[in-house]
Structure formats: structure tokens, C-alpha cells
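Here is what each chain is made of, one letter per residue.
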Amino acid sequence: MAGSQKAKAKKEQAKGRAKEAMGRAAGNERMEAEGRMEGARGDARQAKEKTKDIFKH
């Protein structure tokens, strides 16, 4: 389960970075902001999983 959550976090981070870059290139502020939000959600998920790993060992 934890492995799938870590993979999901990486996927969200990558998707967010791509969406942010596309928004910046197109001059679309809303898309850029959505990309930042997706990236932040991935960062938060990754931090949660790292914290769980710390307390597991």
C-alpha cells in the first residue's frame, strides 16, 4: 500500500510540474495555478509517506 501511495505522489508531482509549465507557456494563469496545486498535493502526500516510514522503523 505504501509503495502505491509513494508512486501516486510522484505522479502528482510530475503532472503538476507539467501542467504548470504548459500554463506558463500558454500564458494561462489558471492552468499554471492548478499545476502548482497538484504539485503541492503530491509534495504533501510524499511528506506524509516519509513520516509514516520514519515512525514505522
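Relevant structure appears above.
Just so you know, these numbers come straight off a predicted model, no measurement behind them. For every chain, the first residue of the written sequence is number 1, and numbering continues from 1 along that sequence. Reporting in this predicted model follows two pLDDT cut-offs: at least 70 for local features of residues, and 80 or more for side-chain atom pairs to be given and counted; totals over whole chains, interfaces and linings ignore these cut-offs and use all residues. As a convention, hydrogens and water are excluded, and side-chain values are obtained from all of the structure's heavy atoms.

> Please explain the pattern of salt bridges as it appears in this structure.
Once the charged atoms of two side chains with opposite charge are near each other, the side chains can pair. Salt bridges are defined by distance alone: a side-chain nitrogen of Lys or Arg within 4 Å of a carboxyl oxygen of Asp or Glu. A full pass over the atoms with the stated rule returns 9 salt bridges. Across the salt bridge formed by Arg24 and Glu32, the nearest N and O atoms sit 3.5 Å from each other. The rule is simple: take the accessible area with a 1.4 Å probe, protein chains only, and divide by the maximum for that residue type; under 20% is buried, over 50% is exposed, in between is partly exposed. A residue is classified by how much of its surface remains accessible, and Glu32, at 17% relative accessible area, is buried. Between Glu32 and Arg36 there is a salt bridge whose closest N-O contact spans 3.3 Å. You can see Glu32 and its partner Arg36 sitting in helix α2 (residues 29-56), 4 residues apart, about one turn around the helix. Arg36 gets classed as partly exposed once you look at its relative accessible area, which sits at 43%. Connected via shared salt-bridge partners are Lys19, Arg30, Glu34 and Glu38. Elements are defined by DSSP. Helices are runs of H or I of four residues or more, strands are runs of E of two residues or more, and each kind is numbered from the N terminus.

> What is the right way to look at the environment of Ala40 in this model?
Structurally, Ala40 can be placed in helix α2. Taking the relative accessible area as the measure of exposure, Ala40 reaches 39% and is therefore partly exposed. Between the C-alpha atoms of Ala40 and Ser4, which are 36 residues apart in sequence, the distance is 18 Å.

Nothing here speaks to function; it is all geometry.
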